[in-house]
Amino acid sequence: MNTHSMLHKKRLPVVWIVALVWLVLAIAKGLDATPLAFLEAVTVVAPPSVASMPGTEPATLSVTAESHVATVQDDRLASVIPVVGQVAPVNMAAPLIQYTLRTNIGHEGMTFVGVGGAIDGLINPNLTAQPGDIVEITLVNGDGAEHDLMLPDLNVMTEHVTGLEAQTVVTFPVDQAGVYAYFCSLPGHRQAGMEGKFIVGAAAAEIAESTAPSIVRDPTDLQPPLGVREPTTVHIAMTAVELEGQLANDATLTYWTFDSQVPGPFIRVRLGDTVEIKLRNAADSRMVHSIDLHAVTGPGGGATVTQVAPGEEKSFTFQALNPGLYVYHCATPMVAHHIASGMYGLILVEPEGGLPPVDHEFYVMQGELYTQAPYGATGPQAFSEEKLLAEAPEYYVFNGAVGALIEQYPLQAKVGETVRIFFGVGGPNAISSFHVIGEIFDRVYDQASLTSPPLTNVQTTLVPPGGATVAEFKLEVPGHYMLVDHALTRAARGLAGVLVVEGEENLTVFHEGPIQ
Ligand SMILES: [Cu+2]
């Protein structure tokens, strides 16, 4: 499969993505991310950055941003701010690298724009330095909204710049080669576009271009309805694969998967079918893996007989006795760790005669990821058992990765069509308040019960970990409809998708402005 051409074909205009995500987050934040700060007093020259993280002592500062520029050599020591941890030894002979970034709100969303030198006019420019350098970043408020700039990997954070033309300066030594994210830490601003790369060392530039494969499953990657048929025998073969996959643009993670994607393959059988499940574990796996399907009546949902060592294969057979949409997952201790690494999927047991026809079916699953570094860190990310046990994920994702259903595979449909979303929560821990912004679910098969009458006209539906739902609705108005968990803080941790609806405007149903 040519993933690259697929990515390009389906890529959304960036401006839409940032605008939509910003909108989601602005709503989540009670609209205080809107540029109301335009109205505030202007021209505040802030002192250079001070420590503002807990548990640290601000360094004593004696310079202003203005004097700093003029007398940088004298002020170098005073302005080297160890924001967290010990005071780094400062080599007075070290080169000083200076950058100025100006904030901007425009049609590209919210951005940092380079000022002067090689980065002049560039949006979210790559900032570069060598190990041993001292770096000085001047942040200028160019739009009037409140901003800051942080490099969490280097424990660097500027003061907030509040009001047009306000400035702040942060100076810090760099010693570790690597690629680090810089961004604005105000809620929603990073997602709206205020993010760039800080690249230390020549070789690091290559790291910035990660080559890890996407583990995202295309939400349209599911078998069509089975149609009217008698029960039969079905053979399902899957392989447990551990691989380093793309977590976000500049971050990778070791995923554990069914068939190298998250979620695992969508399995579709009929009530009464006899189903053989064959699970292989790839030879290069480090862990034992297994499968527990909630559609199975039998010990462990199959997990008791499918603990498969690397390079081996096991199978079992079950009869599908209960129609419904069910989660399956790996059930090898520590089970939550295997699930949190991506080992979950959905199996649909169609009732006799199947479900009513729709124009599009989509396969979407929500999960959490627990990494040692905070959300947004770059490079390979390590799993944190501590955060898993604390149920404190750094990432929330649809279909495995940040941006999976925005940049890689936006859902697509047309006005007048009907859609059905098979939605499940792998978890392992968080309940989803599944919602599509700007739409109402015409029907929800609550708790994925296909034999109960569906709920009608639902705004937000609860889906527990290890649970699923089926939501159906008709599209009346073109636009971009965001898929979210209405626990909207999670959108700032990666949890957002989009349904792009194209077609004729329907001014009766929706139009801007007063009644026509
Ligand atoms: Cu596993």
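Quick note: structure is the one above.
Because the structure is a prediction, the values reported are computed rather than measured. (Residues numbered from 1 in each chain as written. Predicted model: local features only at pLDDT ≥ 70, side-chain atom pairs only at ≥ 80, totals over all residues. Heavy atoms only, no water.)

**Regarding the packing of aromatic side chains**
Inference 1: Throughout the structure, instances matching the rule amount to 11 aromatic pairs.
Inference 2: Ring centres of Phe258 and Tyr328 lie 5.3 Å apart, and the angle between their planes is 75°; on these two criteria the pair is classed as edge-to-face. One end of the pair, Phe258, is in strand β11 (residues 251-258); the other, Tyr328, is in strand β16 (residues 324-329), with 70 residues separating them in the sequence. Like Phe258, the residue Tyr328 is buried in the burial classification.
Inference 3: Centroid distance Phe398 to Phe423: 6.1 Å. Interplanar angle 75°. Geometry classified as edge-to-face. Here the residue Phe398 occupies a position in strand β20 (residues 395-398), and Phe423 occupies one in strand β22 (residues 418-427), the gap between them amounting to 25 residues.
Inference 4: With a relative accessible area of 0%, Phe423 lands in the buried category.
Inference 5: An aromatic cluster of three or more residues is present, and its members are Phe398, Phe423, Phe434, Phe441 and Phe473.
Inference 6: Seen from the ring of Phe183, Arg190 lies directly overhead, with NZ or CZ sitting 3.8 Å from the centre. (Phe/Tyr/Trp six-rings, centres within 6.5 Å; stacked < 30°, edge-to-face > 60°. Helix = DSSP H or I, 4+ residues; strand = E, 2+ residues; numbered from the N terminus. Buried < 20%, exposed > 50% of the residue type's maximum accessible area, 1.4 Å probe, protein only. Lys NZ or Arg CZ within 6 Å of the ring centre and 35° of its normal.)

**Some thoughts on the coordination of the copper ion**
Inference 1: At the metal site, the copper ion is ligated by His289 (ND1), Cys330 (SG), His338 (ND1) and Met343 (SD), and these contacts range over 2.0 to 2.6 Å.
Inference 2: Note that the copper ion binds four donor atoms; their angles at the metal cover 83 to 139°, and the shape is irregular.
Inference 3: Between consecutive donors of the copper ion, the numbers of intervening residues give the motif H-x40-C-x7-H-x4-M. Taken together, the residues His289 in the loop between β13 (274-281) and β14 (292-293) and His338 in helix α6 (residues 335-340) connect sequence positions 49 residues apart. (Donors = N, O, S within 2.8 Å, 3.2 Å for Na, K, Ca; no water. Tetrahedral: all angles 85-135°; square planar, octahedral: opposite > 155°, others 65-115°.)

**A look at the sheet that holds β16**
For sheets, the rule is that strands pair by backbone hydrogen bonds, running either parallel or antiparallel.
Inference 1: In space, the four strands of this open sheet follow the order β12-β17-β16-β14, with mixed pairing throughout. Among the strands making up the open sheet, the edge pair consists of β12 (267-270) and β14.
Inference 2: Sheet topology places β14 next to β16; two bridges connect them, and they run antiparallel. In the strand pairing of β16, Asp292 is matched with His329. (Pairing = 2+ DSSP bridges.)

**As for the nonpolar core**
Inference 1: Within the largest apolar cluster, 61 residues are counted, with the highest numbers of intra-cluster contacts made by Tyr255, Leu325, Leu346, Phe422, Leu483 and Leu499.
Inference 2: Taken domain by domain, this core gets at least three of its residues from each of domain 3 (233-350) and domain 4 (360-502).
Inference 3: Ala166, Leu186, Ala192 and Val200 belong to the second largest nonpolar core, which has 26 residues in total. (Core = buried A, V, L, I, M, F, W, Y, C linked by side-chain atoms within 4.5 Å. Domains from an automatic or database assignment.)

**Points about unusual backbone geometry**
Most peptide bonds take the trans form, and the phi angle of most residues other than glycine is negative.
Inference 1: With an omega dihedral of -5°, the bond running from Val262 to Pro263 counts as a cis peptide bond.
Inference 2: Its location among the elements puts Pro263 in the loop between β11 and β12.
Inference 3: The amide bond that connects Gly427 to the next residue, Pro428, takes the cis arrangement and shows omega of 20°.
Inference 4: Position of Pro428 among the secondary structure elements: in the loop between β22 and β23 (432-436).
Inference 5: At Glu165, a position not held by glycine, the phi torsion is positive, near 75°.
Inference 6: Topologically, Glu165 is positioned in the loop between β6 (156-157) and β7 (167-173).
Inference 7: According to the relative accessible area criterion, Glu165 is partly exposed, its value standing at 31%.
Inference 8: Positive phi outside glycine occurs at Asn457, with the angle close to 55°.
Inference 9: Secondary-structure assignment places Asn457 in strand β25 (residues 455-458).

**Thoughts on the environment of Thr306**
Inference 1: Looking at where Thr306 falls in the secondary structure, it is placed in the loop between β14 and β15 (313-319).
Inference 2: Relative accessible area serves as the criterion here: at 0%, Thr306 is assigned to the buried category.
Inference 3: When the C-alpha atoms of Thr306 and Asp292 are compared, they prove to be 8.5 Å apart, with 14 residues separating the residues in sequence.
Inference 4: Beyond its immediate chain neighbours, meaning those up to four positions away, Thr306 contacts Leu279, His289, Ser290, Ile291, Lys314 and Phe316. (Contact = heavy atoms within 4.5 Å.)

**As for the sheet that holds β20**
Inference 1: Pairing within the open sheet is mixed, and its six strands lie in the order β20-β18-β22-β27-β24-β25. Every other strand in the sheet has two partners, leaving β20 and β25 as the edge strands with one partner each. Going across the sheet, the axis of each strand differs from the next one's by a mean of 25°, ignoring polarity.
Inference 2: Two strands pair when backbone bridges link them, and strand β18 (residues 360-369) and β22 are joined in this way by eight bridges, in the parallel orientation. Paired with Phe362 across the two strands is Ile421, which belongs to β22. (Axes fitted to C-alpha atoms, helices over the stretch in contact; angles between N-to-C directions.)

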